[in-house]
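Structural characterization, general
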Amino acid sequence: MISHDYHIKDNYLYFALCIGTMLLKSVLIKLNLDSQEGMAILEEEHILRTAGLPEIDRMYLTSMEGMAYCIDFQGNKLWETTIGNNNASFKIAMDDERLYASNYSIYCLNKENGDILWINETFSRKVNCNIIYDEQHFYCGEL
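Keep in mind that this is a model prediction, so the values were computed, not measured.

On to a nonpolar patch on the surface. Taken together, the side chains of Leu117, Trp118, Tyr133 and Phe138 present a nonpolar region at the surface, about 360 Å² in accessible area. By the secondary structure assignment, Tyr133 is in strand S13 (residues 132–133). Look at Tyr133 and you get partly exposed, because its relative accessible area is 33%.

What follows deals with the sheet that holds strand S8 (residues 77–82). Spatially, S5-S6-S7-S8 is the arrangement adopted by the four strands of the open sheet, whose pairing is antiparallel. Among the strands making up the open sheet, the edge pair consists of strand S5 (53–54) and S8.

Okay, the sheet that holds strand S2 (residues 12–19) next. The pairing of strands in a sheet happens through backbone hydrogen bonds and is either parallel or antiparallel. Strand order in the open sheet made by the four strands is S1-S2-S3-S4, with antiparallel pairing throughout. The sheet is open, and its two edges are formed by strand S1 (7–9) and strand S4 (38–44), each paired on a single side. Taking the axes of each pair of neighbouring strands and ignoring which way they run, one obtains an average angle of 30° across the sheet. In this sheet, S4 lies alongside strand S3 (residues 25–32) in antiparallel orientation, the contact comprising six bridges. Looking across to S4, one finds that Leu28 is bridged to Leu42.

About the cut-offs
- Sequence order as written defines the numbering, with residues in each chain counted from 1.
- Selection of residues for local features in this predicted model requires a pLDDT of at least 70, selection of side-chain atom pairs for listing and counting requires 80 or more, and totals for whole chains, interfaces and linings are taken over all residues.
- With hydrogens and water stripped out, all remaining heavy atoms of the structure feed into the side-chain values.
- A patch consists of residues whose relative accessible area exceeds 30% and which take part in no salt bridge; residues with like charges are grouped when within 9 Å of each other, and nonpolar side chains (Val, Leu, Ile, Met, Phe, Trp, Tyr) when within 5 Å.
- Throughout, the Shrake-Rupley method with a 1.4 Å probe supplies accessible areas, and for residues the shown protein chains are the sole cover considered.
- In what follows, salt bridge is the name for a side-chain nitrogen of Lys or Arg lying within 4 Å of a carboxyl oxygen of Asp or Glu.
- To qualify as a helix, a DSSP run of H or I must reach at least 4 residues; to qualify as a strand, a run of E must reach at least 2; elements of each kind are numbered from the N terminus.
- When a residue's accessible area, from a 1.4 Å probe over protein chains only, is under 20% of the maximum for its type it is buried; when over 50% it is exposed; and in between it is partly exposed.
- Strand pairing is assigned whenever DSSP detects at least two bridges linking the two strands.
- Only C-alpha atoms enter the line fits that serve as axes; for helices the fit covers just the stretch in contact. Angles between N-to-C directions range over 0 to 180 degrees.

Everything listed here is a matter of geometry and, on its own, says nothing about what the molecule does.
The structure is reproduced here in structure tokens:
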């Protein structure tokens, strides 16, 4: 399975690849668009459905293992945070200081260190949708 999305930075294509049927393994690939050489910059013993949200010097993503990650474009893990037991949604959002991710709750993480700032646990089912927000509210849905 190839990731739901991708991004391009400095002549590199970033995308996730999931391999397996019962025992799943995923890699986040950094592919040189000139030489067509690729390298795995993040490995996960579960499903990565996204190449993440990129910023100037880093990207943020989640795995279905229930993890949120911040890595740089060389694959150095800047932080990782557990967000629930499993199956975190690949649909995340961010503002200048915070990352918003979901599992069976909505998690607000500090983008610099991955600390959980708050959790909204008012949902009765899995949250697996786009997260959008304005100055006053968050909007999302349950399965």
